[in-house]
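# Overview (structure and organization)
As a plain string of letters, each chain reads:
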Amino acid sequence: MSSLSRELVFLILQFLDEEKFKETVHKLEQESGFYFNMKYFEEQVQSGEWDEVERYLSGFTKVDDNRYSMKIFFEIRKQKYLEALDKQDRARAVEILVKDLKVFSSFNEELYKEITQLLTLDNFRENEQLSKYGDTKSARNIMLLELKKLIEANPLFREKLTFPTLKASRLRTLINQSLNWQHQLCKNPRPNPDIKTLFVDHTCQPPNGTRAAPPPNNPLVGGLPKGGAFPSLGTHSPFQPAAPPSATSLAGWMANSNTPAPHPAVAPGSATLAGPPNPVAGPLLKRPRTPPINATAMDYQSADSEHLLKRSRPVMQTVDEVNYAGSSLPQSSDDLPKMLARTLNQGSCVMSMDFHPVQQTILLVGTNVGEIGIWEVGSKERLTQRAFKVWDISVCSMPMQAALVKDPVVAVNRTMWSPDGTLLGVAFSKHIVHLYSYHLGGDLRPHREIDAHIGSVNDIAFSHPNKQLSIITCGDDKTIKVWDASTGHKQYTFEGHDAAVYSVCPHHKENIQFIFSTAVDGKIKAWLYDHLGSRVDYDAPGHWCTTMAYSADGTRLFSCGTSKEGESFLVEWNESEGAIKRAYSGFRKRSSNVVQFDTTKNRFLAAGDEFLIKFWDMDNASVLTSTDAEGGLPASPRLRFNKEGSLLAVTTNDNGIKILCNSDGLRLLRTFESRAFEGGKLFIDASVTSKTTGVTQPVAVSAPSGPIVGALPPAGSIAATVSRLIYTNSGVAILALASNAVHKLWKWQRNERNMSGKASASIAPQLWQPSSGILMTNDISETNPEEAVPCIALSKNDSYVMSASGGKISLFNMMTFKVMTTFMPPPPAATFLAFHPQDNNIIAIGMEDSTIQIYNVQVDEVKSKLKGHSKKISGLAFSNALNVLVSSGADSQVIVWSIDGWEKRRTKAIQIPAGRGSPSATGDTKVQFHNDHIRLLVVHETQLAIYDASKLERVRQWVPRDPFTSTLSAATYSCDSQLVYAGFSDGSVGVMDGESLLPRCRVAPSAYISQGIGSANIYPLVIAVHPSESLQFALGLSDGSVQVLEPLETEGKWGTGPSSDNGAVVSTPSSSAVGNQNSEQAAR
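Residues numbered from 1 in each chain as written. Predicted model: local features only at pLDDT ≥ 70, side-chain atom pairs only at ≥ 80, totals over all residues. Heavy atoms only, no water.

## Comments concerning the sheet that holds strand 52 (residues 979-984)
As summarised here, the arrangement of the 4 strands in space is 51-52-53-54, forming an open sheet in which the pairing is antiparallel. In this open sheet, the two strands that pair with only one neighbour each are strand 51 (968-973) and strand 54 (999-1003). Strand-to-strand, the axes of this sheet are offset by a mean angle of 20°, without reference to chain direction. Pairing between strand 52 and strand 53 (residues 989-993): 5 bridges, direction antiparallel. Note that in strand 53 the partner of Gly983 across the bridge is Val989. (Pairing = 2+ DSSP bridges. Helix = DSSP H or I, 4+ residues; strand = E, 2+ residues; numbered from the N terminus. Axes fitted to C-alpha atoms, helices over the stretch in contact; angles between N-to-C directions.)

Next up, the structure:
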């Protein structure tokens, strides 16, 4: 439904309310789902009209939509149950227990048993938790307070709790304006017209008394205006009737997933999204429909599509991304990577490319001779190269063996990284898919070899059905297959295409996982992860090879393809209608190859055509700009953006690759230019070691020539110390938690000086607060926040923050600063928080009593309690690669736990250096994983150390020494793990090499602390690093201030090389793979 149609509903609601149609008003509120009338809801709860309460709620949410919804329905049904018990109506209570409360038993069986046991009590108040239950009226009022909090925190009710501000009788005013306009169009307007109907356009009768001719068009649309002075209302009416999406539309097959023909109902998991049955779904599915290419660019969504949007996923997965004021100004073509920065010589024709999802400068390449290579484009270094070979011919099918004997030449059709970058997949032109595990330095290890298809494997993609990593393949045998990426076992086979399948595009909407597939006959089909056949079947523009891709935020769907005649099509789809929303122009009339495309920044499209790279703004059908990358491109070059959109890889005519960049990409590449110079020195310095001790001989530490220091504006209430500090994941803001339990948010504005809007030391940010002026303050009841151990964790999309300062854990909305919920009251108090990497509903919570609680926020339940430490937990880190959780504590112990069963795997006490305390000395220990998720940085006041987490063996250790004479106060990896930033209790800051831990430079306190009374006692308590700018970091200081530091642009780096008089770096002798990799990296 369009926004104007939505506003019309509000006008009707106002009209009905003014006309006293009370029941109809609330029926429309519930059926439209646009406005939740809290006053009406309160009235129904207070009067105990439970059936109406749930009926009204059903228009906005269902029991299993998210944890807030579940809690809302549980509280209502529990209250209904307690009231029945209070009336001694046991039969009614049993009915409620079985009919209404049973649904919650699958989420918390123990709670259901406890509720059931209330039946055995003469008075349920004998239960300790219900001892304070008063009379019915007071109990309902208390429950209402809780329900209002839950509703306000529930994302499904966002923007539905406030009725828009309207002038009285706004609908009548609009109708009167329309009638006045119609009256002005009359040929013979009367001074006092008598208007008796709204069903047809008004017209005054001629003076002679004869009736005017009836309007020539549909009276419901409006009469044709005279003289062409006013366009027909019907032509541009925003209130045109919207048909529900057909079963062949991209969203319609989800909305009609329960349609009986021609496919049975889909899995029960999609029932929450099901729309009303569509009686014509069967015939529509049998009739493929080609959407019109010239469809209008304006998209009025249907009511059914709006219904789909009303059902969000659980809050921990789908809270909308927060955009603060000023962060979403239009982007210009200057943001596009068009500057030639690197040229790489692959040596054979490049068929496929993919940038690493985490390490933004690592490029995976596949060629027409079956080779794959991994490039570090920053240093222009090929990290590894693998030629095609069958790993185990004995397990290959006979057709594959015969194909290889007949023609041993094998090409790479597709290369792709897994979402976390720990695996990569390669699809070959004969039968096979290879999966490799990727380790630092380009170390590739064979993981799985899959004999996937008969003939060519044309495309691969990764997905997470059932929270399990899978790889999807398609091929010449007309099938799509899904494989377990861990075991290589086949999970699904989808059949239904009549031609070779050209590409696959997995995605998810709401809680539904699905796959689009395209075949070389131009057919597009969609599949759920079941065995019930395709859900849509229609033709792609061009009727030949087409690829599909979503924008990075998953909200917009695009496809690009070329017909057999060479005509290319780049289009955006309207999923709710199954039609083409926009067709992009600018292609040459005849392309010799299939045009390739990519998307970036949720804003731009790029395609290779006419020996150029052409760019489009997603909202404009015309070409925005183009570049020839200084020449040498083929007619239809292949291309690929990195995740941030700062780099673009493009294939060349001479079997090479050109790397284009924007200003952000240039800064990223410059960091590698400095490392290339320092890498040789690193190897030389690292080699000057004692064979008996393995301790590097000290050399000189360089000092940066005046770093750029940006002091954040004073925060008023931050009076004591900054306890925790983090950048938002978007890199546009910094969030601080002070020792007084108050949070402060500083935000950089996008402007002419700062086009990216990202954090910068040279530009002052603004202290940001919502218009309400409220503070984001942690629960501190019965606690002293100055003595508490604060902890904080930010959601991946920056929409909410989880935090504690000795009291309950609070979940805050980052846009409103409101508390969405609180949980886990002390004792014990939480001391560290970490989100599970695969499930944002699972949180690991380190506790003051030395335990770790694995907590499911969706069902408000502790799943496991891990015991192994003897003092409070001071650090937690998850590894995707190893599938483990690593914990550290104030007992100086590091423990590795398996995520699968939460059992303890390994324990290690960190080794205290001689002269730094007794070997059993304790102290807070922090842990952080390297980007490879294998190496682990361990931080203790006496040392920095790197461990191989797979074995929990120490690989490196650095001990402070002159000029670093103080104890460590904080340390963390840079965003690319190439550097370690360390703070010391004397106020100095060290920048260390991320591989060797050798210091590169020392930042003196005078470089960023104003000298004055008490300045000698100021030092960094916490360090935060920018999520994409590896040379920028922020310091939270003991005086409550925050400083942002980065090197001068003229230097473009921290220091001149690893160094000196710094302390000892101990390299633990080991033949392990990690140890070897570190040596190899140094050699490079």
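## A word on the packing of helix 3 (residues 38-46) against helix 8 (residues 136-153)
Two elements in contact, helix 3 and helix 8, have axes separated by 10 Å at closest approach and are oriented at 150°. Our pair here, helix 3 against helix 8, has a crossing hand that is right-handed. Mapping the contact onto sequence places Met38, Phe41, Glu42, Val45 and Gln46 in helix 3 and Arg140, Asn141, Met143, Leu144, Leu147, Lys148 and Ile151 in helix 8. Of the residues contributing to the contact of helix 3 with helix 8, the split by class is 7 nonpolar, 2 polar and 3 charged. (Left-handed = near helix turned anticlockwise from the far one by under 90°. Contact = heavy atoms within 4.5 Å. Nonpolar A, V, L, I, M, F, W, Y, C, P; charged D, E, K, R; others polar.)

## Some thoughts on the environment of Ser892
Here Ser892 is to be found in the loop between strand 44 (884-889) and strand 45 (893-898). Note on Ser892: relative accessible area 2%, which makes it buried. In this structure the C-alpha to C-alpha distance between Ser892 and Gly923, which are 31 residues apart in sequence, comes to 5.9 Å. At 3.4 Å, the side chain of Ser892 forms a polar contact with the side chain of His940. (Buried < 20%, exposed > 50% of the residue type's maximum accessible area, 1.4 Å probe, protein only. Polar contact = N/O pair within 3.5 Å; in protein donor to acceptor, adjacent residues only side chain to side chain.)

## Things to note about the sheet that holds strand 22 (residues 597-600)
Spatially, 22-23-24-25 is the arrangement adopted by the 4 strands of the open sheet, whose pairing is antiparallel. Edge positions in the sheet fall to strand 22 and strand 25 (623-627), since each has one partner strand and no second. Here the strands of the sheet are splayed against their neighbours by 25° on average, with no regard to which way each runs.

## Describing a nonpolar patch on the surface
A cluster of nonpolar side chains, Ile175, Leu198, Phe199 and Val200, forms an exposed patch at the surface whose accessible area comes to about 390 Å². Mapped onto the fold, Val200 is located in the loop between helix 9 (170-185) and helix 10 (233-236). Look at Val200 and you get partly exposed, because its relative accessible area is 32%. (Patch = residues over 30% accessible without salt bridge, like charges linked within 9 Å, V, L, I, M, F, W, Y side chains within 5 Å. Areas by Shrake-Rupley, 256 points an atom, 1.4 Å probe, with all protein chains shown as cover. Salt bridge = Lys/Arg side-chain N within 4 Å of Asp/Glu carboxyl O.)

Spatial relationships are all this shows, so hold off on functional conclusions.
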